[in-house]
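# Observations on chain architecture
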2 protein chains.
Amino acid sequence: MKYSKQRELILKTLQQNMIHPTVDHIYELVKKELPNISLATVYRNLNSLAETGVIRRIQGLDNAVRFDHNMCNHYHFICTKCNKVYDVPQDIAPDLSDNLSAETGLTAETYDITFKGVCHECQKKKQN
Amino acid sequence: MKYSKQRELILKTLQQNMIHPTVDHIYELVKKELPNISLATVYRNLNSLAETGVIRRIQGLDNAVRFDHNMCNHYHFICTKCNKVYDVPQDIAPDLSDNLSAETGLTAETYDITFKGVCHECQKKKQN
DNA sequence: ACAATAACGATAATCATTATCACTTTAAGG
DNA sequence: CCTTAAAGTGATAATGATTATCGTTATTGT
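Since the model is a prediction, treat every value here as computed from it, not as a measurement. (Residues numbered from 1 in each chain as written. Chains lettered and ligands numbered in written order. Predicted model: local features only at pLDDT ≥ 70, side-chain atom pairs only at ≥ 80, totals over all residues. Heavy atoms only, no water.)

This part takes up the interface of chain A and chain B. On the side of chain B, 32 residues touch chain A, which itself brings 33 residues to the contact. Interface area, chain A with chain B, both sides summed: about 2700 Å², of which 60% is carbon and sulfur. Where chain A meets chain B, there are 0 salt bridges. Counting every contact that joins chain A to chain B gives 8 residue pairs in polar contact (both at pLDDT 80 or more). Taken together, the elements giving at least two residues each to the side of chain A that touches chain B come down to β4 (85–89), α4 (96–104) and β5 (108–117) of chain A. Broken down by element, the residue count for the side of chain A that touches chain B peaks at 10 residues, all from β5(A). Residue composition of the side of chain A that touches chain B, grouped by class: 16 nonpolar, 12 polar and 5 charged. Bridge count for β5(A) against strand β5 (residues 108–117) of chain B is 9 bridges, and the pairing is antiparallel. Counterpart to A:Gly117 in the pairing with β5(B) is B:Ala108. (Contact = heavy atoms within 4.5 Å. Buried area = accessible area lost by both parts, 1.4 Å probe. Salt bridge = Lys/Arg side-chain N within 4 Å of Asp/Glu carboxyl O. Polar contact = N/O pair within 3.5 Å; in protein donor to acceptor, adjacent residues only side chain to side chain. Helix = DSSP H or I, 4+ residues; strand = E, 2+ residues; numbered from the N terminus. Nonpolar A, V, L, I, M, F, W, Y, C, P; charged D, E, K, R; others polar. Pairing = 2+ DSSP bridges.)

This is how it looks when you write it as structure tokens:
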């Protein structure tokens, strides 16, 4: 993979971002620094970074794919009201790969747990 | 919700299907019995059945949404080669809702675990 | 049977994502 | 340091899944 300043900026932008942004969101952010960057370039680079294991792709609610720079094992909580994605530390679940192969014989390369519910913020809003 | 023979057929068709079909797949199946049925009707009914908790929507790999008539707790294994979706029994993981709320205070209404890897069938093919 | 309304079929519109292609940048070798 | 091949880019058209619209039809309670 050859270097490009676009890819460097896209990765840096994702790494500074905690909210599991969509492609469009990253596009808006990088445009501030490289106004001529193309949306296609953002897609291309996020996809290839995910393929090479530098970042992680998360698909859950609301059609649009999101990306996550945190490659450590962890899970996600998606708020069904505001669609925000929260991190959930991995120690709420034991490693499930062994259980899976013991029970089914299947070998998982990766796995994701996605919780859905209403986040603290939205529960407060509801009460008002 | 009013009765319609279209919705009845769509639900019956999904319930007889074990492979977590896409909307298009169900559309093709129900057309055999109701040739004039519209794709929009299939979308409409699958969505409303999922909203009312009669069936379950699963989003994982390969863009297209899939539906699952099995509402009992269980998880899914998606083959990264052939995109088939396999059921994984729930007893490979303890109930994680309690752990989640103990650790984070968040309350999950539902959660899904999606494993990714290569299924038996595709591993055999690989060796040939 | 009748009216109100939910559902339908057809199809246009939308939205996210991917493909294409002419042009530019990167990186390796002479 | 100049050349060149390959990878990357920007612009935009194309695709594919899903949703919205709208005139028509089926269902349901009275």
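On we go from here.
This part covers the relation of the copies chain A and chain B. Between chain A and chain B, the superposition needs a rotation of 180 degrees and an axial shift of 0.0 Å, giving an RMSD of 0.1 Å. In short, the pair behaves as if placed about a two-fold rotation axis. No C-alpha of chain A approaches the rotation axis more nearly than that of A:Ile113, which lies at 2.2 Å. The residues that chain A uses at the interface reappear at the interface of chain B in 97% of cases, marking a shared surface. (Least-squares fit on C-alpha atoms with pLDDT ≥ 70 in both.)

Okay, the pairing of β4(A) next. All names here are of chain A. One ladder, built from 5 bridges, connects strand β3 (residues 74–79) with β4; its direction is antiparallel. Of the residues in β4, the one forming a bridge with His 76 is Asp 87. Between β3 and β4, which pair antiparallel one after the other, the connecting turn spans 5 residues, and Asn 83 there sits at a positive phi close to 65 degrees.

All right, on to the domain arrangement of chain A then. All names here are of chain A. The domains assigned to chain A are domain 1 (5–68) and domain 2 (74–127). Using C-alpha coordinates to define each centre, domain 1 is positioned 22 Å away from domain 2. Every contact between the two is made by 8 residues of domain 1 and, on the other side, 11 residues of domain 2. Regarding the contact of domain 1 and domain 2, the summed buried area is about 800 Å², with carbon and sulfur atoms giving 52% of it. (Domains from an automatic or database assignment.)

Quick look at the environment of A:Arg7 now. Residue and element names in this part refer to chain A. Its location among the elements puts Arg 7 in helix α1 (residues 5–15). For Arg 7, a relative accessible area of 15% puts it in the buried group. Arg 7 sits 86 residues away from Ala 93 along the chain, and the two C-alpha atoms are 34 Å apart. (Buried < 20%, exposed > 50% of the residue type's maximum accessible area, 1.4 Å probe, protein only.)

Strand pairs in the sheet, formed through backbone hydrogen bonds, run parallel or antiparallel to each other. Here we have 6 strands laid out as an open sheet, ordered β4(A)-β3(A)-β5(A)-β5(B)-β3(B)-β4(B), and mixed in their pairing. Looking along the sheet, the strands with just one partner apiece sit at the ends: β4 of chain A together with β4 (85–89) of chain B. Strand-to-strand twist of the sheet, defined as the mean angle between neighbouring strand axes without regard to direction, takes the value 30 degrees. In the sheet, strand β3 (residues 74–79) of chain B pairs with β5(B) via 4 bridges, with the strands oriented parallel. Looking at the pairing, B:His76 lines up with B:Thr114 of β5(B). Sitting on the sheet, helix α4 (residues 96–104) of chain B is in contact with β3, β4 and β5 of chain A together with β5 of chain B, with an inclination near 110 degrees to β5(B). (Axes fitted to C-alpha atoms, helices over the stretch in contact; angles between N-to-C directions.)

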